[in-house]
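Residue-level structure breakdown
Each chain, letter by letter, is given below.
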Amino acid sequence: MSIFVDYRFPPSVDAERQAKTIAIGQTAGTWSDRYSHRESQLSEHLAEVVSIETEADGYKVARVRFPEINVENDIASLLTMIFGKYSMAGVGKVVGVHLPEDYGTRAKVGITGIRERLGAFDRPLVMAIFKPALGLSAEDHGKILQEVADAGLDVIKDDEIMGDLPVAPTLERLRAGRRVLDELREKNGREMLYAVNVTGKAGDLIEKARLLVKNGANALLLNVLTYGFSVLEALASDRAIDVPIFAHPAFAGAMCAGSDTGLAYSVVLGTLMAHGGADAVLYPASYGSLPFDPLEEARIRDILRDRNVFPVPSAGIHPGIIPRVLQDYGRNVILNAGTGIMDHPDSPASGVRAFFEALERLESGASFDVESLPEGPLKQAIRKWG
């Protein structure tokens, strides 16, 4: 079996030479005559350049085939092989990684499992973020959760920078939230997910995740790129952690934002997350508050869905752009809003209702023109955000 990797080089670079350097230097390397009797065995580990194509702007994309026997069916050894040492060699960007279907770790819950757990099968899911990000107590989190849960929210998550801090320790936040979730189930027979941010040093993090699940966490949030893909894989493979893992893209810009260096966003937030075991992946929407390439967004969406992983376009999502989001995504999407829910002019509950009102209005084919909207949460949201 083989792994194919696409490297993009600017016109000033000898793409064929650089691709051959990668193929040899990132695998077996060269060897002297004293190993000539082992040449057949060593050659099995060599990568090879299989094609070079020139794009309209003069950039060249070289495809290199790597033997799968060189890696350990994980993301860490994969990254070391395809871009480890060479990432420090100058220009050249990984723009595509094509893995065997069974490479890595599958989502344990994924799109189908999340829908089953929520009992929501035929519509987009609506997700919120606790705001303010820092400074709230565990009791504050519980009150916010109560408000948005009663309004029909599907998923809420901790902010990615909310760790296990004295102001609101993780287990206390979970316990405050769990009381609300249990009451919601008893009162309405409805489930809701709360993705608790799991943090800590490597030796403690997996045990902490197990403890959170044991205490009722029904989803986890992980900053995959700062804690590492190996942590994601460990969580996804652990039988005691039978809850969906929401992968946050924090730090992705440090790896992906360079025009001629690093890795493409679709590789990191698409391929690697999908083969690392994530159940849902957050990333910027091209029409949100962070600059993002719509083609990369579409690639991420399709790569994730192909492996039953929920796409979660984020950053600047509000009810007024629901028609555009659903035009691009259809129903298999999680609409993730922080400000777009928590800063609604009336209340966070009204922010949630505005999203559902927008979905109903879109389903019926009604206009989103502000003058045609009845007074209520959606009209208030569109007046504020457009």
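Only a predicted model underlies this, so the values are computations on that prediction, with no experimental measurement involved.

Another point: the pairing of strand β3 (residues 60–67). Looking at chain direction, strand β1 (residues 2–9) and β3 are connected through eight bridges and run antiparallel. For Y7, the partnering residue across the bridge sits in β3 and is A62. The pairing of strand β2 (residues 48–54) with β3 spans six bridges and is antiparallel. Across the sheet, residue V49 finds its bridge partner in β3, namely V64. Between β2 and β3, which pair antiparallel and follow one another directly, the connecting turn spans five residues, one of which, G58, has a positive phi of 90 degrees.

The next thing to look at is the packing of aromatic side chains. Within the structure shown, the criterion is met by four aromatic pairs. Ring centres of Y7 and F83 lie 6.4 Å apart, and the angle between their planes is 40 degrees; on these two criteria the pair is classed as tilted. Within this pair, whereas Y7 is found in strand β1, its partner F83 is found in helix α3 (residues 75–83), the two being separated by 76 residues in sequence. The burial state of Y7 is the same as that of F83; both residues are buried. Their ring planes at 50 degrees and their centres at 6.3 Å tell us that F83 and Y86 sit as a pair that is tilted. You'll find F83 and Y86 in the same group, each marked buried.

Moving on, we get to the sheet that holds strand β5 (residues 125–129). Across the sheet, which stays open at both edges, the eight strands sit in the order β11-β10-β9-β8-β7-β6-β5-β12 with parallel pairing between neighbours. One side of each edge strand has no neighbouring strand; the edge strands of this open sheet are β11 (310–314) and β12 (334–337). The sheet shows a mean angle of 25 degrees between the axes of neighbouring strands, taken without regard to direction. Pairing analysis gives four bridges linking β5 to β12, with the strands arranged parallel. Opposite A128, over in β12, you have A337 as the bridge partner. Against the sheet, helix α12 (residues 294–306) contacts β10 (280–284) and β11, and its axis sits at roughly 180 degrees relative to β10.

A few words now on unusual backbone geometry. With an omega of 0 degrees, the peptide bond running from K131 to P132 counts as cis. Note that P132 resides in the loop between β5 and α5 (138–150). Positive phi values are uncommon outside glycine, yet N308 reaches one of about 65 degrees. Position of N308 among the secondary structure elements: in the loop between α12 and β11. Even without a glycine there, the phi angle at A315 is positive, about 70 degrees. Here A315 lies in the loop between β11 and α13 (322–329). For A315, a relative accessible area of 24% corresponds to the partly exposed category.

Thresholds, definitions, all that
Residue numbers run consecutively from 1 along every chain, following the written order of its sequence. With pLDDT at 70 or above as the cut-off, local features in this predicted model cover only qualifying residues; side-chain atom pairs require 80 or more to be listed or tallied, and sums for whole chains, interfaces and linings still use all residues. The side-chain values count all of the structure's non-hydrogen atoms but skip hydrogen atoms and water molecules. At least two bridges found by DSSP between two strands is the condition for calling them paired. Here a helix means four or more residues in a row that DSSP labels H or I, a strand means two or more in a row labelled E, and each is numbered from the N terminus. A pair of Phe, Tyr and Trp rings is counted when the ring centres sit within 6.5 Å of each other, with Trp represented by its six-membered ring. The angle between the planes then sorts it: under 30 degrees is stacked, over 60 is edge-to-face, the rest tilted. The cut-offs for exposure are 20% and 50% of the maximum accessible area for each residue type, with area from a 1.4 Å probe on protein chains only; residues under the lower value are buried, those over the upper are exposed, and the others partly exposed. Helix axes are fitted only over the stretch in contact, all axes being lines through C-alpha atoms; the angle between N-to-C directions runs from 0 to 180 degrees. Only heavy atoms matter for contacts: two residues are in contact if any of them lie within 4.5 Å across the pair.

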